[in-house]
There are 2 protein chains.
Amino acid sequence: MNQSALARSWVEHANGHGDFPLQNLPLGIFSRKDQAPRCGVAIGDAILDLEAVLAAGLFDGQVRAAVEATRGGTLNAFFALGRGARVALRERLLELLGEHSEHQAALKPLLHAASECQLHLPARIGDYTDFYVGIEHAKNVGKLFRPDNPLLPNYKYVPIGYHGRASTIRPSGTDVRRPKGQTLPAGQNEPSFGPSARLDYELELGIWIGQGNDMGDSIPVAEAAEHIAGFCLLNDWSARDIQAWEYQPLGPFLSKSFISTISPWVVTAEALEPFRCAQPARPEGDPQPLAYLLDKRDQAGGAFDIELEVLLLTERMCEQNLPAHRLTLSNTLSMYWTVAQMVAHHSVNGCQLQPGDLFGSGTLSGAQPGQFGSLLEITQGGKEPVELASGEVRKFLEDGDEIILRARCKRDGVASIGFGECRGKILAAH
Amino acid sequence: MNQSALARSWVEHANGHGDFPLQNLPLGIFSRKDQAPRCGVAIGDAILDLEAVLAAGLFDGQVRAAVEATRGGTLNAFFALGRGARVALRERLLELLGEHSEHQAALKPLLHAASECQLHLPARIGDYTDFYVGIEHAKNVGKLFRPDNPLLPNYKYVPIGYHGRASTIRPSGTDVRRPKGQTLPAGQNEPSFGPSARLDYELELGIWIGQGNDMGDSIPVAEAAEHIAGFCLLNDWSARDIQAWEYQPLGPFLSKSFISTISPWVVTAEALEPFRCAQPARPEGDPQPLAYLLDKRDQAGGAFDIELEVLLLTERMCEQNLPAHRLTLSNTLSMYWTVAQMVAHHSVNGCQLQPGDLFGSGTLSGAQPGQFGSLLEITQGGKEPVELASGEVRKFLEDGDEIILRARCKRDGVASIGFGECRGKILAAH
């Protein structure tokens with residue numbers, strides 16, 4: 001098997017420094033003009049049409065069944081097949097796309113320039129749950145909302161999460177209409193209504209659920225990996241002024257539900273395997289996780305080392321040909337809980353998870369300035385504006401601003417992989 | 001047209017005091033043994049198989065298209081057709097099932113005893129949103145969780161709501177497995193893990209969304225009725241001990257997501273029309289709703305007068321042949337916001353609602369003892385147990401207890417209608 005950590009592809013563009021070398025092979029749903037959405041795999045700057053590869057007779061047995069499950073333009077049924085089908089497909093793709101492939105001639109016509117394809121949501125999202133496992137973010141935001149009580153007493157015991165809105169999750173590139181809503185102007189006792197004046201981004205890791213569980217059953221931490229299909233980037237756009245007024249006592253609602261943007265490629269658990277690492281040690285004095293959240297193998301290798309980046313591009317910066325401004329450089333190592341712990345916690349009460357459910361990690365900030373995953377933290381609630389090379393300043397996002405999330409996994413001796421972009425541009429309120 | 005308020009059906013059982021007279025005609029998805037689920041209408045103690053009526057050639061034009069949209073065993077596509085299709089189907093059913101129908105002979109074989117049918121979820125629920133519009137409940141619970149601050153400052157401005165879990169909504173009759181989770185025992189600083197010891201019910205009205213809106217668009221109050229397909233009963237089972245420990249800062253999560261039960265019949269907006277009434281006057285000193293929530297017609301007729309009831313049946317009561325104990329007698333008039341205001345608020349930020357989305361009203365308690373919609377309120381957080389005729393007492397629900405929700409609309413000169421039952425029995429934790 002040619003799954004070597006540095007193996008090359010005959011697709012030349014895959015062998016450089018891009019997000020999609022042979023080692024990545026993320027799955028997605030794409031379409032070309034006038035074509036129905038179908039499953040593809042990203043390789044370099046191209047997309048291989050897996051339905052066409054199927055039609056060409058290059059998939060057999062379990063792999064054939066796996067690709068047949070993607071018909072209809074969603075990966076839900078494929079996710080439901082679980083890890084075995086995913087690994088079998090990956091191994092076959094490593095053969096087909098590897099530099100020693102016998103099928104280059106047959107496959108070349110089935111490759112399409114990614115720039116000419118449209119990417120869609122990879123799955124029909126049944127339920128979307130947003131967690132809050134970025135402990136530095138929780139501390140930073142806690143200080144702003146509850147100066148006396150930044151980290152609540154449950155934080156180090158409970159992987160805090162809440163239900164989000166599934167209907168407004170959109171793929172990268174979808175414009176973001178500035179939401180309107182109720183806000184309480186400073187010093188007032190009565191709310192006003194109008195466009196949000198404190199529109200923000202949140203940098204999150206998205207987690208795709210693979211196989212589900214029956215209602216009433218729980219998924220132990222040790223088995224959680226069987227239920228995780230892959231990963232993406234997630235921008236949990238947030239209207240801070242609406243959030244501050246509405247969120248008590250039942251949590252954020254309209255301040256988040258206007259849109260959430262995800263990167264459209266499903267980076268599989270297998271592709272991320274080389275970038276697993278030990279869960280960062282809990283600081284001295286932090287409690288041990290309760291037994292249902294504790295698993296030695298998960299502690300030893302359940303975290304991920306993924307570098308995360310947020311860029312801002314304003315209209316004026318575009319006009320001036322300035323590069324995007326980096327707002328955040330962070331890492332998934334800031335997660336206080338592993339994704340396996342999130343799955344175990346979510347299902348411990350018998351809650352049914354289903355293939356195609358999506359989790360968000362919560363905002364992943366580091367402890368230092370430059371590592372904060374939202375403008376709320378960077379500008380300290382709007383008090384310390386960001387200065388841009390264009391001469392502009394930003395407390396929160398303005399119309400025409402574009403936010404770009406990126407992610408990158410690096411490790412010596414292993415091909416680096418990325419997630420593709422998660423972009424969104426702000427449009428003025430209706 | 002025979003849509004008279006007291007018209008009778010040739011289905012004799014429909015003419016008594018049951019929930020399903022000719023004036024109700026709720027839609028649902030049912031199956032008989034070895035049959036795929038399909039759409040039916042409840043009439044008396046029977047279900048009329050609408051797919052079979054379609055096959056018999058008794059539906060034409062818009063009505064035919066409406067029933068064809070129910071194929072596949074969900075009402076989502078039918079809901080998407082909107083009010084016109086629903087009204088056309090209702091008018092045709094009033095003819096077919098009315099006492100002067102010409103088609104009795106053809107229809108009789110297409111009627112099935114409800115007791116021999118299984119009822120399913122009527123639609124694939126995309127997103128489920130639980131509101132908190134029962135102001136007496138908000139006051140009662142607020143007192144227990146925040147004695148100093150029972151009703152938060154936003155309550156009378158914002159129709160408070162939050163996202164709930166869609167994957168675990170089940171039809172009446174589904175058993176309720178007692179959830180396990182983290183709780184903070186009284187006087188302790190560290191949580192314990194185990195079965196919830198404070199399992200509760202919540203009496204709610206469920207609202208089915210019909211036509212949706214595009215992301216970025218809002219639905220004004222005056223147009224909200226076009227987007228509401230019908231109503232059901234909803235039991236928002238709640239584990240109070242898990243809830244108290246987990247709910248800060250992002251709201252209830254695992255304390256609710258183990259199961260929610262709904263009554264399976266969709267009581268249409270048209271059936272409830274005679275029971276509409278003016279929105280109860282806001283108490284002196286309460287603020288006016290903001291403009292986007294205010295509509296004169298909605299204030300004049302946007303509320304509903306629906307009597308709600310909760311019954312408890314323990315295993316010992318069954319053994320002793322005792323009748324169920326009434327825990328709650330309440331009414332939808334305790335809603336501080338109308339369903340149209342809920343729709344307008346939910347979409348004001350551009351959040352997309354989709355056909356088959358479900359709203360919960362939040363717990364509907366009255367102001368007086370006997371009207372409280374949860375044991376949390378009735379027993380004052382477990383301090384004042386309920387005494388039962390069986391000699392038992394209940395602070396919260398015990399294994400084997402069954403909770404039954406019912407609803408009834410009454411008005412002089414109009415046939416009374418009901419919702420059917422919403423039942424669930426507690427099973428011991430795994």
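Residues numbered from 1 in each chain as written. Chains lettered and ligands numbered in written order. Predicted model: local features only at pLDDT ≥ 70, side-chain atom pairs only at ≥ 80, totals over all residues. Heavy atoms only, no water.

When helices and strands are counted, chain A shows 12 helices and 27 strands. A compact globule built from 430 residues should have a C-alpha radius of gyration of about 22 Å, and chain A, at 22 Å, falls within 12% of that. Put simply, chain A shows about 15,800 Å² of open surface, and 48% of that area lies on carbon and sulfur atoms. Charged side chains of chain A number 39 positive and 51 negative; the gap between the two group centres comes to 1 Å. (Helix = DSSP H or I, 4+ residues; strand = E, 2+ residues; numbered from the N terminus. Rg over C-alpha atoms; globule rule 2.2 N^0.38 Å. Areas by Shrake-Rupley, 256 points an atom, 1.4 Å probe, with all protein chains shown as cover. Lys, Arg positive; Asp, Glu negative; His and termini not counted. Charge placed at Lys NZ, Arg CZ, Asp CG, Glu CD.)

Turning our eyes to something else, we now look at the packing of aromatic side chains. Aromatic rings considered in pairs are described by the distance between their centres and by the relative angle of their planes. Enumeration over the complete set of coordinates arrives at 22 aromatic pairs over all chains. Summarising the aromatic geometry, the rings of Phe 78 of chain A and Phe 79 of chain A are spaced 6.3 Å apart at their centres and angled 45° between planes, so their arrangement reads as tilted. Phe 79 of chain A matches Phe 78 of chain A in its accessibility class, with the two residues each being buried. Ring geometry for Phe 193 of chain A versus Tyr 292 of chain B: centroids 4.5 Å apart, planes at 25°, classification stacked. Here Tyr 292 of chain B lies in the loop between strand E18 (276-277) and helix H9 (296-301) and Phe 193 of chain A lies in strand E11 (residues 192-195), a pairing that spans two chains. The partly exposed category is assigned to Phe 193 of chain A, whose relative accessible area is 36%. Here the aromatic residues Tyr 132, Tyr 155, Tyr 336 and Trp 337 of chain A are joined through ring pairs into a cluster of three or more. (Phe/Tyr/Trp six-rings, centres within 6.5 Å; stacked < 30°, edge-to-face > 60°. Buried < 20%, exposed > 50% of the residue type's maximum accessible area, 1.4 Å probe, protein only.)

This part takes up the UniProt feature "domain: Fumarylacetoacetase N-terminal" (unreviewed entry) in chain A. UniProt records the feature "domain: Fumarylacetoacetase N-terminal" (unreviewed entry) for residues 23-122 of chain A in the present numbering. Helix makes up 39% of residues 23-122 of chain A and strand 21%, and the two end C-alpha atoms of the span are 20 Å apart. (UniProt positions renumbered as here; feature names shortened; annotations may be inferred.)

What follows covers the interface of chain B and chain A. A common way to state how big an interface is: give the accessible area lost once the parts meet. Contacts between the two partners involve 59 residues from chain B, matched on the other side by 59 residues from chain A. In this assembly, chain B packs against chain A so that about 5,500 Å² is buried in total across both faces, 62% of it on carbon and sulfur atoms. On inspection of chain B and its partner chain A, the count reaches four salt bridges. The partner of Asp 357 of chain A in a salt bridge is Arg 165 of chain B, and the shortest N-O contact between them spans 2.7 Å. Within the residue set of the side of chain B that touches chain A, elements represented by two or more residues are strand E6 (128-131), strand E7 (161-164), strand E10 (180-183), strand E11 (192-195), helix H7 (240-246) and helix H11 (339-347) of chain B. (Contact = heavy atoms within 4.5 Å. Buried area = accessible area lost by both parts, 1.4 Å probe. Salt bridge = Lys/Arg side-chain N within 4 Å of Asp/Glu carboxyl O.)

If you check UniProt for "domain: Fumarylacetoacetase-like C-terminal" (unreviewed entry), the listed places come out as residues 136-425 of chain A in our numbering. Within the segment residues 136-425 of chain A, helix and strand shares are 16% and 29% respectively, and the terminal C-alpha atoms sit 27 Å apart.

Residue and element names in this part refer to chain A. Segmenting chain A into domains produces domain 1 (12-120) and domain 2 (128-427). Here the C-alpha centroids of domain 1 and domain 2 sit 28 Å apart. With 26 residues of domain 1 at the interface, the matching set in domain 2 holds 26 residues. For the pairing of domain 1 and domain 2, the buried interface totals around 2,000 Å² over both sides, and the portion due to carbon and sulfur atoms is 60%. A per-residue breakdown of the area domain 1 buries against domain 2 is headed by Asp 19, Phe 79 and Arg 86, which together make up 30% of the total. On inspection of domain 1 and its partner domain 2, the count reaches three salt bridges. (Domains from an automatic or database assignment.)

As a further point, take the relation of the copies chain B and chain A. Relative to chain A, chain B is turned by 180° and slid 0.0 Å along the rotation axis, the superposed coordinates differing by an RMSD of 0.0 Å. Considering both components of the superposition, the chain copies are consistent with a two-fold axis. Rotation axis and chain B: the residue whose C-alpha lies nearest the axis is Gly 251 of chain B, separated from it by 2.3 Å. Most of the interface of chain B is mirrored in chain A: 100% of its interface residues are interface residues there too. (Least-squares fit on C-alpha atoms with pLDDT ≥ 70 in both.)

Bringing the side chain of Ser 167 of chain A into the picture now. Along the chain, the position of Ser 167 of chain A falls in the loop between strand E7 (161-164) and strand E8 (169-171). With sequence-adjacent residues up to four places away left out, Ser 167 of chain A is seen in contact with Asp 127, Cys 351, Gln 352 and Gln 354 of chain B.

Residue and element names in this part refer to chain A. Its location among the elements puts Ala 300 in helix H9 (residues 296-301). Overall, Ala 300 belongs to the exposed group, its relative accessible area being 55%. Here the alpha-carbon distance between Ala 300 and Ala 271, two residues 29 residues apart in the chain, equals 18 Å. In contact with Ala 300, other than residues within four places in its own chain, are Cys 277 and Ala 278.

Glancing now at the environment of Ser 167 of chain A. All names here are of chain A. The class of Ser 167 is buried, set by a relative accessible area of 6%. Once the C-alpha coordinates of Ser 167 and Asp 127 are considered, the two residues, 40 residues apart in sequence, prove to be 9.1 Å apart. Within the structure, the side chain of Ser 167 is placed 2.8 Å from the side chain of Arg 165, a separation counted as a polar contact. (Polar contact = N/O pair within 3.5 Å; in protein donor to acceptor, adjacent residues only side chain to side chain.)

For the rest of this paragraph, the subject is unusual backbone geometry. Residue Pro 249 of chain A is bonded to the preceding Gln 248 of chain A through a cis peptide linkage, with omega at 5°. In this structure, Asp 34 of chain A is a non-glycine residue whose phi angle is positive, near 65°. A positive phi angle, close to 55°, is found at Leu 25 of chain B, a residue other than glycine. Positionally, Leu 25 of chain B belongs in the segment before strand E1 (27-31).

Glancing now at the packing of helix H2 (residues 61-68) of chain B against helix H4 (residues 83-97) of chain B. Residue and element names in this part refer to chain B. For the pair H2 and H4, the least separation of the axes is 9 Å and the interaxial angle reads 105°. When the axes of H2 and H4 are compared, the pair comes out roughly perpendicular. Along the contact surface, H2 presents Gln 62, Val 63, Ala 66 and Val 67, while H4 presents Gly 84, Ala 85, Ala 88, Leu 89 and Arg 92. Of the residues contributing to the contact of H2 with H4, the split by class is six nonpolar, two polar and one charged. (Axes fitted to C-alpha atoms, helices over the stretch in contact; angles between N-to-C directions. Parallel < 35°, antiparallel > 145°, perpendicular 65-115°, else oblique. Nonpolar A, V, L, I, M, F, W, Y, C, P; charged D, E, K, R; others polar.)

Turning our attention to the pairing of strand E25 (residues 402-411) of chain A. Residues and elements named next belong to chain A. Counting buried residues along E25, seven of its 10 residues qualify, which places the element largely inside the surrounding structure. Here strand E20 (residues 307-313) runs beside E25; their pairing, made up of seven bridges, is antiparallel. Looking across to E25, one finds that Glu 307 is bridged to Arg 408. As defined by bridge partners, E25 adjoins strand E27 (residues 422-427) across four bridges and the pair is classed as antiparallel. If you follow Ile 403 over to E27, its bridge partner there is Gly 424. In the sheet, E25 pairs with strand E26 (residues 414-418) via three bridges, with the strands oriented antiparallel. (Pairing = 2+ DSSP bridges.)

Here we come to the sheet that holds strand E3 (residues 46-49) of chain B. Paired through their backbone hydrogen bonds, the strands of a sheet run either parallel or antiparallel. Residue and element names in this part refer to chain B. Strand order across the open sheet formed by five strands is E4-E3-E2-E1-E5, with antiparallel pairing between neighbours. Looking at the sheet topology across the chains shown, the edges are occupied by strand E4 (111-113) and strand E5 (118-120). The mean inter-strand angle of the sheet, taken between neighbouring strand axes irrespective of direction, is 50°. Where strand E2 (residues 38-43) lies against E3, four bridges are found, and the strand directions are antiparallel. Residue pairing in the sheet places Ile 43 in a bridge with Ala 46 of E3. Most of the contacts of H4 go to E2, to which it runs at about 55°, and overall it touches E1, E2 and E3.

Residues and elements named next belong to chain A. Inspection of every chain in the model, using the stated rule, returns 52 salt bridges over all chains. Notably, a salt bridge pairs Glu 68 with Arg 64, separated by 3.2 Å at the nearest N-O pair. Highlighted residues: Glu 68 and Arg 64, both in helix H2 (residues 61-68), separated by four residues, approximately one helical turn. What makes Glu 68 partly exposed here is its relative accessible area of 31%. In this structure Arg 64 comes out as partly exposed when scored by relative accessible area, which is 32%.

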